Amino acid sequence: MALLKIVVLAWLGLGCVSIILPARRLLLQSSRYGSMLAALAVFCLAAFYHGSSTWLFDTSFFPYKLGFAIQFDPLSRFFVFLLSLSVLAVSVFGQSYFNHFTLRQQKLIQTVSCFFILAMLLVLTAGNTFTFLFAWELMTFSSYLLIAFNATDKSARQAGFLYLGIAHLGFLSIVISFFLLGNMPISAVSANFIFVLMFIGFGAKAGLFPLHVWLPGVYPIAPSPICALMSGVILKTAIYGMIRFSFYWLLPYQQAWWGYSLITIGLCSMLIGVIHAALQTDMKRLLAYSSMENLGFIVVSLGFAIVFYQYHQYALSDAALLIVLLHSLSHSLFKSLLFLSTGSILHATGERNLGKLGGLIQKMPWVSGCALIGCLAMAGLPLFSGFISEWLYLRIFFSQGMSSHFDFAIFSSVIVAVSVLVFALAGFVIVKFFGIAFLGRPRESHLVHAGPASWFERLSLVWLALWSVFIGLWPMPFISLLQKILHGISNQFALPWPHLFTLSLSQSAANHDGFVPVLLLMSLLAGLLLIFILIKKYSAPSLQRNSAWGCGFNVITLRMQESSEGFSQPFKLIFSKLIQTRLALPKATDVNPHYAAQVTERIWPLFYTPLTQGVWRIVALTKWIQQGKIAVYLTYMAFTLFILLVGVLWL
Amino acid sequence: MISDNTISILLFVLQGLLVIAIAPLLSGWLKIVTCRCQNRSAASLFQPYFAFCKLLIKTPVMAENASWLFRFAPYFYAACLAVLAFVVPFFLYYGVLSPLFDVIVVAGIFALARISMALAAMDVGTAFGSLGARRELFIACLVEPVLLLVLLNLGLITKGLTLEHIGFVLIHKGILYPGLAFSLSAFVLVLLAENGRFPFDNPATHLELTMIHEAMILEYSGRYLALIEWGNSLKLTLFLLLFVNLFFPCGLAVQLSWGALLTGLITTLVKLFVLLTLLAIAESLQAKVRLFRIPEYLGLALFLALMGILLTQLMVTQVTGVPI
């Protein structure tokens, strides 16, 4: 417990010290080294501390029940571990990243991000409602500051404001659900209320459909390391909250329709997220939509866990929860990795638009290698971390003994069809992201001067990439760790994992019905080696370099390559019903004809615009109350006093 | 079940090597029948092997800005498909690696192979490469779910996800499942689309308006091109083998006797050549569709695959006799 105290106090101290200290380069740098050490301490805490206990920090100046309490049980420990991997990478990355900001801005970033990390740590280890809500609000505000400190143009400020608005809508729902949970005897009806409010609250934070609209606006304006923390960890705190509510506090009152609603919302998020990710031109927006897709996947798995639990399929429910936790971990790793590599790209080129990049594999070999690993993990390809969760997910669908639930049997086939479509589209998304940013030739002339990333940046990217590969090849240590957590939730969760290297959902050790990632790697390597030796032996030894084929022309210009809009053109056509496209076509008389297409979400004209218009209409109706004259307001006051007096006399 | 001993393992390895070895032969046969159908004289059956040798001894020419990814991708593509050659059934009812890699992993390895080629196509940065990659992925994104759904349907019917288990159950309980009919029609479309055949792609063209797969590999030459060509015919072979041995498994060897092995080899080869002939005739009779009509076909395939799974689920719930 002492270690947890030290870690929390270290971040608090770092934040406070950063406020006080003047903005000098040397001081900032030492503060950054401090945060790197503190991040390492968090990692050690999560990796080596096994106990589970509660630490109450009573404050006499707060009323009763409003003291801070910290607890550290296995679930918290896992999420703190997830946090620590990203925080460590980000703090190493941040050593050299923020130098292009002014010193005042650097000081702001350093201070606020200390409080931001402290808030995330407290959310994940909160021992009572007050601590959780306090930390949640601190997390929202500090992340808002980090996003909006540099927002100079109107659209950026609007995006930040939208984030703050939706986050507070969610906060309100969470507060109400905590209130209902703590102050009322829970019945089936109130449990339903709590669930719905909790789902709205955490869904807003997780960026689930239809409350995801803040997500794509916020990421492009925030600095990349902050994006990495937001996508890697903040979204997971919402998942943490959902698990706490639905599997710890409300477990006796759980109902199957909760699972169905989670699955439906999750599926919508997956589909909308991946389609829009395929159509983006801004690399950070693309990753933001892809986060939405992954969070949708996690929520669908959580829904499956609830449905299976209600249908008494405990082994499957166990496996579904396992996917929730494992994919949270692997998503936080590869998404942090990709956001950090966009940071390196931005640093080297100053471009956020995919269509202006290209050829970076030559300039930044380390970054491109790590980003390739992150991309392959994101697409859920074998050998990388995303595939493990996909494999378990399809396995669950397959091995269900759900024939007694007819509606579920039918529903699940549709779910699987949509999910595999989304997995395939995710493959397209990564080819677009990696292929356009890193491959090809530089699309703009100033990209020639792009240099390699600094050693700190490389180190943090390699750190995250190694974890992604490790989980993809040998997930068993993580699975057995997670299985212990799940066993703590319910005694029913006792799925055996008898093998050291084999992933298998079947109960018996003898059944050859599993997947061995290491064996796949070895057979691929053996195949590669054999082919390489044979080709080397029998083919011409030399290699001639020449310019690429010019299609019959003398020169091929850099602009002849596919643009990022062009690359996703087919999907714009197929999914035209699900998106909103605004075309600006050139006229025949234009001197400098320019074609522009802007893809936005259907949800704006279908839901949000009518909503805001409705609000404005109500405002217009009630506007006459505000007359702007002091006499009127005095009349209001007198009137209110009269009503209150009448009320007092009456009762 | 086949017992584990040295001879059986050798036979299994031989099976995989044979799949790799005969792949160009099947491409050659396809070309011969196509030529005959179109009233042209055909090249030899072994022409793909000659072409391979020719490409192998030529010095490859590579674009100046090609990175390590461009050089590495053909090897990786060929290795992925070569691993799969040891998974699919050929004359025995399962491949040596199929107990280890279930159908989800098989679909994953296909995806890995495809994505490595698509990335390599974008590496040089010519207009053709990325155009090909875009079109290939556009089709693949719609094909991959269908492939997975068809394989999952087979798994649902047989209650096991490895090709070994699926093959075993299908051979021993040769009952007709109605869900399989839908899966079969979906798989035909997958087979055509995934291998760049008519009506999705014309494998013989180099016209920029229509080409898909050829556009991706336009920058390759020499040994790299040789590997890719071999890989392509291997991919076609793998899909054909999956098709004939999963949907028409009769004749496959289930025990190790010379008679059974010989029957298995001959029946599979006959099935393959008949299927290829049908494929060639079908290709000669129809025109390639416009690129943007392709989603309609593949949407149909997705729908058929979904129908197959739904029907299977329906049958399972009905058969177990639980009231709806």
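Here the structure is a predicted model, which is why all the values come from computation and not from measurement.

### Thoughts on the overall build of chain B
Link 1 in the chain: Tallying secondary structure elements over chain B gives 11 helices and one strand in all.
Link 2 in the chain: Along the chain direction, N to C, the helices and strands of chain B fall in the order α-α-β-α-α-α-α-α-α-α-α-α.
Link 3 in the chain: A globule of 324 residues ought to have a C-alpha radius of gyration of about 20 Å, and chain B, at 20 Å, matches this closely.
Link 4 in the chain: Along the first, second and third principal axes, the C-alpha set of chain B runs to 65 × 45 × 45 Å.
Link 5 in the chain: For chain B, the proportion of its 324 residues judged to be buried stands at 64%.
Link 6 in the chain: Partitioning the intrachain contacts of chain B with sequence separation of at least 6 by distance along the chain shows that 78% fall at a separation of at least 24.
Link 7 in the chain: A total of about 12000 Å² of accessible surface is found on chain B, and carbon and sulfur atoms cover 71% of it.
Link 8 in the chain: Across chain B, 18 positive and 15 negative side-chain charges occur, with their mean positions spaced 6 Å apart.

### Thoughts on helix H6 (residues 163-172) of chain B
Link 1 in the chain: For H6(B), the full list of buried residues reads B:Leu163, B:Glu164, B:Ile166, B:Gly167, B:Val169 and B:Leu170.
Link 2 in the chain: Looking at the buried positions of H6(B), the neighbouring elements they touch are helix H4 (103-121), helix H5 (127-158) and helix H9 (222-247) of chain B.

### A look at the nonpolar core
Link 1 in the chain: Counting residues in each nonpolar core, the largest one holds 356 residues, and the members touching the most others are A:Trp11, A:Phe132, A:Met230, A:Phe247 and B:Tyr220.
Link 2 in the chain: By residue number, the principal contributor to this core is helix H16 (residues 406-438) of chain A, which donates 19 residues.
Link 3 in the chain: Dropping the residues within four chain positions of it, A:Phe132 is found in contact with A:Val123, A:Ala126, A:Ile174, A:Phe178, A:Phe202 and A:Tyr240.

### Let's talk about the pattern of salt bridges
All names here are of chain B.
Link 1 in the chain: Considering all chains together, one arrives at nine salt bridges over all chains under this definition.
Link 2 in the chain: Two residues, Arg197 and Glu283, come together in a salt bridge whose shortest N-O distance is 2.9 Å. With a gap of 86 residues between them, Arg197 in the loop between helix H7 (178-194) and helix H8 (213-216) and Glu283 in helix H10 (residues 258-285) connect regions that are remote in the sequence. Of the two residues, Arg197 and Glu283, neither departs from the other in class, the shared state being buried.

### Examining the packing of aromatic side chains
Link 1 in the chain: The tally for this structure, following the rule as stated, stands at 71 aromatic pairs over all chains.
Link 2 in the chain: Pairing A:Phe93 with A:Tyr97 gives two aromatic rings, centres 5.3 Å apart and planes at 35 degrees, and the pair type is tilted. Of this pair, A:Phe93 and A:Tyr97 both sit in helix H3 (residues 74-97), four residues apart, roughly one helical turn. Per residue, the accessibility class of A:Phe93 equals that of A:Tyr97, and both read buried.
Link 3 in the chain: On the basis of an interplanar angle of 40 degrees and a centroid distance of 5.0 Å, the ring pair of B:Phe12 and B:Tyr94 is categorised as tilted. Remark: B:Tyr94 occurs in the loop between helix H3 (68-85) and H4 and B:Phe12 occurs in helix H1 (residues 6-37); sequence separation between them is 82 residues.

### Focus on the confidence of the model for chain B
Residue and element names in this part refer to chain B.
Link 1 in the chain: Per-residue confidence for chain B averages 86 on the pLDDT scale, and 95% of its residues sit at or above 70.
Link 2 in the chain: Averaged pLDDT values over the elements of chain B bottom out at 83 in H6 and peak at 93 in H3.
Link 3 in the chain: At the level of chain-chain contacts, confidence expressed as ipTM amounts to 0.92, with global pTM at 0.92.

Cut-off values and rules
- Sequence order as written defines the numbering, with residues in each chain counted from 1.
- In the order they appear in the text, chains get letters beginning with A and ligands get numbers beginning with 1.
- Per-residue local features are limited, in this predicted model, to residues with pLDDT of at least 70; the limit for side-chain atom pairs, both in listing and counting, is 80 or more; totals at the level of whole chains, interfaces and linings are taken over all residues.
- The side-chain quantities take in all heavy atoms of the structure and omit both hydrogens and water.
- For helices the rule is a DSSP run of H or I covering at least 4 residues; for strands it is a run of E covering at least 2, with both sets numbered from the N terminus onward.
- All radius of gyration figures rest on C-alpha atoms, and the globule criterion is 2.2 Å times the number of residues raised to 0.38.
- Think of it in three bands: residues with accessible area under 20% of the maximum for their type are buried, residues over 50% are exposed, and the middle band is partly exposed, with areas taken using a 1.4 Å probe on protein chains only.
- The criterion used for residue contact is that any of the two residues' heavy atoms lie within 4.5 Å.
- Reported accessibility uses the Shrake-Rupley method at a 1.4 Å probe radius. Residues are deemed covered only where the shown protein chains occlude them.
- We count Lys and Arg on the positive side and Asp and Glu on the negative side, and we leave His and both chain ends out.
- The atom standing in for a charge is NZ when the residue is Lys, CZ when it is Arg, CG when it is Asp and CD when it is Glu.
- Residues belong to one nonpolar core when they are buried, are Ala, Val, Leu, Ile, Met, Phe, Trp, Tyr or Cys, and are joined through side-chain atoms within 4.5 Å.
- One side-chain nitrogen of Lys or Arg within 4 Å of one carboxyl oxygen of Asp or Glu is enough to make a salt bridge.
- Pairing of aromatic side chains requires ring centres within 6.5 Å, counting the rings of Phe and Tyr and the six-membered ring of Trp. Pairs whose planes differ by under 30 degrees are stacked, by over 60 edge-to-face, and all others tilted.
- What pLDDT conveys is the predictor's confidence in a given residue, as a value from 0 to 100.

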